[in-house]
Amino acid sequence: MFGRLWLLLVLTQPGLCEPSPLSTRLGVADRFLAGHKWVEALGIYKGILAEQPACKEALYGSGWVYNQQGKFDLSVPLLTQASGSWPEDFRIWNELGYAFYRLGNVEKAGEAYTRAAE
């Protein structure tokens, strides 16, 4: 019975199965990242952050891209913001630790890597 109701709902309301505009944009950014197109992915993340400054995926993605580009000083504020909002996400702490390490701040890098390991 549930399957028939779901099919009826999907057929009459096709928008329910479509991804949200945010998830579509994040998917495009992911494809750029897969192709090592850092500038294009960063442009998408910046656009998302202009509209939604607290978007976890865009904060992390921007920080990750900046780390890939060697712009560690630009990644730290983004990753720090993300780590404050999502302290349970080890990926954020790992990237933050990497940025601090590359900036020569071994103490903060160690703290971030410790948080990642927890």
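Our subject is the structure listed above.
Residues numbered from 1 in each chain as written. Predicted model: local features only at pLDDT ≥ 70, side-chain atom pairs only at ≥ 80, totals over all residues. Heavy atoms only, no water.

Draft legend 1. Broad picture of the nonpolar core. One finds Leu-33, Tyr-45, Ile-48, Leu-49, Ala-58, Val-65 and Leu-96 to be the most contacted residues of the largest nonpolar core, which totals 29 residues. Of all the secondary structure elements, the ones that give two or more residues to this core are α2 (21–34), α3 (38–51), α4 (56–68), α5 (72–85), α6 (90–102) and α7 (106–117). A total of seven residues in this core trace back to one element, the largest contributor, which is α3. (Core = buried A, V, L, I, M, F, W, Y, C linked by side-chain atoms within 4.5 Å. Buried < 20%, exposed > 50% of the residue type's maximum accessible area, 1.4 Å probe, protein only. Helix = DSSP H or I, 4+ residues; strand = E, 2+ residues; numbered from the N terminus.)

Draft legend 2. Structural detail: unusual backbone geometry. One non-glycine residue with positive phi stands out, namely His-36, at about 60°. Inspection of the secondary structure puts His-36 in the loop between α2 and α3.

Draft legend 3. Structural view of the pattern of salt bridges. A full pass over the atoms with the stated rule returns four salt bridges. A salt bridge links Lys-56 to Asp-89, with the shortest nitrogen-to-oxygen separation between them at 3.0 Å. With Lys-56 in helix α4 and Asp-89 in the loop between α5 and α6, this pair connects stretches of sequence that are 33 residues apart. For Arg-115, the salt bridge identified is with Glu-118, shortest N-O distance 3.6 Å. A residue is classified by how much of its surface remains accessible, and Arg-115, at 35% relative accessible area, is partly exposed. (Salt bridge = Lys/Arg side-chain N within 4 Å of Asp/Glu carboxyl O.)

Draft legend 4. Region of interest: the packing of α3 against α4. Relative to each other, α3 and α4 sit at 150°, their axes nearing to 9 Å. Classed by the angle they form, the pair α3 and α4 counts as roughly antiparallel. With respect to the hand of their crossing, α3 and α4 are arranged in left-handed fashion. Contact with α3, carried on its side by Trp-38, Leu-42, Tyr-45, Lys-46, Ile-48 and Leu-49, involves Glu-57, Ala-58, Leu-59, Gly-61, Ser-62, Trp-64, Val-65, Tyr-66 and Gln-68 of α4 and no other residues of that element. (Axes fitted to C-alpha atoms, helices over the stretch in contact; angles between N-to-C directions. Parallel < 35°, antiparallel > 145°, perpendicular 65-115°, else oblique. Left-handed = near helix turned anticlockwise from the far one by under 90°. Contact = heavy atoms within 4.5 Å.)

Draft legend 5. Structural detail: the packing of aromatic side chains. Counting across every chain of the model gives two aromatic pairs. On the basis of an interplanar angle of 70° and a centroid distance of 5.3 Å, the ring pair of Trp-38 and Trp-64 is categorised as edge-to-face. Linking Trp-38 in helix α3 with Trp-64 in helix α4, this pair joins segments that are 26 residues apart in sequence. For Trp-38, a relative accessible area of 18% puts it in the buried group. On the basis of an interplanar angle of 80° and a centroid distance of 5.7 Å, the ring pair of Phe-72 and Tyr-98 is categorised as edge-to-face. Here Tyr-98 lies in helix α6 and Phe-72 lies in helix α5, a separation of 26 residues in the sequence. (Phe/Tyr/Trp six-rings, centres within 6.5 Å; stacked < 30°, edge-to-face > 60°.)

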